[in-house]
Amino acid sequence: MVDAFHVFALLLVAVAMALSLAHALELPGKMRLPKETYLAVQQIYYPGFTYGGFSEIGGMMALAVLLFLVPFGAERFWWLFASLVLLAAAHLTYWLFTHPVNDFWLKDMGLKGASGLFFSVRAGNGTADWTQLRDVWEYSHVARAVLAMLSFIAAAVALAR
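Scope of this entry: the structure provided in the associated data block. (Residues numbered from 1 in each chain as written. Predicted model: local features only at pLDDT ≥ 70, side-chain atom pairs only at ≥ 80, totals over all residues. Heavy atoms only, no water.)

1. Focus: the side chain of His91
Here is step 1 of the chain: Position of His91 among the secondary structure elements: in helix α5 (residues 75-106).
Here is step 2 of the chain: Each residue touching His91, except ones within four places of it in the same chain, is listed here: Glu56, Ile57, Met60 and Arg144. (Helix = DSSP H or I, 4+ residues; strand = E, 2+ residues; numbered from the N terminus. Contact = heavy atoms within 4.5 Å.)

Structure representation (structure tokens):
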């Protein structure tokens, strides 16, 4: 039963990793885009990546549940703990760096309802140079991809223990 739930948690972490990795892999091409094209491309991510982002929260919740199911101090416990810390760090990176820039990218989209509320939380004011905002957004996704990949590896190693 614990192993089956662990596979489910691993799947959630894998989806979170895949989304951030997709953003990171786009970086070389997107850094060459002029402002108008870059801003147009930014709009394609919503709402799809927003929905996929729930896997990150689900992954953290599933990893936390696993920590209660696995004996404290066991090797598997510590790998799961590392996975949770790394995924939480990726999530924190989103809120501290990526999310405030999203308001700048989405200011002309006129999002309503839950999407409008979500993207207004900790929103940046968009007064910085667009290339600075682009760099923060792009490199924060590289950091998130690295953290999510390490989280996935730790969760996979835990499953093998």
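Right, picking up where we left off after that structure.
2. So, the packing of helix α1 (residues 2-30) against α5
Here is step 1 of the chain: Their axes nearest at 12 Å, the elements α1 and α5 cross at an angle of 25 degrees. One element, α1, and the other, α5, form an angle in the roughly parallel class. For the pair α1 and α5, the crossing hand works out as left-handed. Judged by residue contacts, Val2, Asp3, His6, Val13 and Ala16 of α1 engage Arg76, Leu80 and Leu87 from α5.
Here is step 2 of the chain: Grouping the constituent residues of the contact of α1 with α5 by class yields five nonpolar, one polar and two charged. (Axes fitted to C-alpha atoms, helices over the stretch in contact; angles between N-to-C directions. Parallel < 35°, antiparallel > 145°, perpendicular 65-115°, else oblique. Left-handed = near helix turned anticlockwise from the far one by under 90°. Nonpolar A, V, L, I, M, F, W, Y, C, P; charged D, E, K, R; others polar.)

3. Brief notes about helix α4 (residues 54-69)
Here is step 1 of the chain: The end-to-end C-alpha distance of α4, which contains 16 residues, comes to 23 Å, matching closely the 22 Å that a straight helix rising 1.5 Å per residue would cover.
Here is step 2 of the chain: Where α4 is buried, its residues contact α1, α3 (48-52), α5 and α7 (130-160). (Expected span 1.5 Å × (residues − 1).)

4. A word on the layout of surface pockets
Here is step 1 of the chain: Put simply, the largest pocket is a space of about 390 Å³.
Here is step 2 of the chain: Together, 24 residues line the largest pocket, and Phe49, Thr50, Gly53, Tyr94 and Arg144 are the ones closest to its centre.
Here is step 3 of the chain: For the lining of the largest pocket, the secondary-structure elements that each account for two or more residues are α1, α3, α4, α5 and α7.
Here is step 4 of the chain: The element best represented in the lining of the largest pocket is α5, accounting for five residues.
Here is step 5 of the chain: Class assignment for the residues of the lining of the largest pocket results in 12 nonpolar, 10 polar and two charged. (1 Å grid on protein atoms, 1.4 Å probe; cavity = no way out; pocket = protein on both sides within 12 Å on 5 of 7 lines; lining within 4 Å. Points joined across faces, edges and corners; volume = space filled by probe spheres on them.)

5. Focus on the packing of aromatic side chains
Here is step 1 of the chain: What the rule picks out here adds up to seven aromatic pairs.
Here is step 2 of the chain: Ring centres 5.0 Å apart and planes at 70 degrees place the aromatic pair Phe72 and Phe77 in the edge-to-face group.
Here is step 3 of the chain: Of the residues examined, Phe72 reaches a relative accessible area of 66% and is grouped as exposed.
Here is step 4 of the chain: Between Trp78 and Phe81 the ring centres are 5.8 Å apart and the planes differ by 80 degrees, which places this aromatic pair in the edge-to-face class. Placement of the pair is Trp78 and Phe81 together in helix α5, with a separation of three residues, close to one helical turn.
Here is step 5 of the chain: Residue classification places Trp78 among the partly exposed positions, given a relative accessible area of 42%. (Phe/Tyr/Trp six-rings, centres within 6.5 Å; stacked < 30°, edge-to-face > 60°. Buried < 20%, exposed > 50% of the residue type's maximum accessible area, 1.4 Å probe, protein only.)

6. A look at the packing of helix α2 (residues 35-42) against α7
How two helices sit against one another is set out by the angle between their axes and by the gap between those axes.
Here is step 1 of the chain: Packing of α2 against α7 brings their axes to within 12 Å, and their N-to-C directions diverge by 40 degrees. Classified by the interaxial angle, the pair formed by α2 and α7 is oblique. As for the relative orientation of α2 and α7, their crossing is left-handed in sense. Of the residues in α7, those in contact with Lys35, Tyr38 and Gln42 of α2 are Trp130, Arg134, Trp137 and Glu138.
Here is step 2 of the chain: Tallied by class, the residues present in the contact of α2 with α7 amount to three nonpolar, one polar and three charged.

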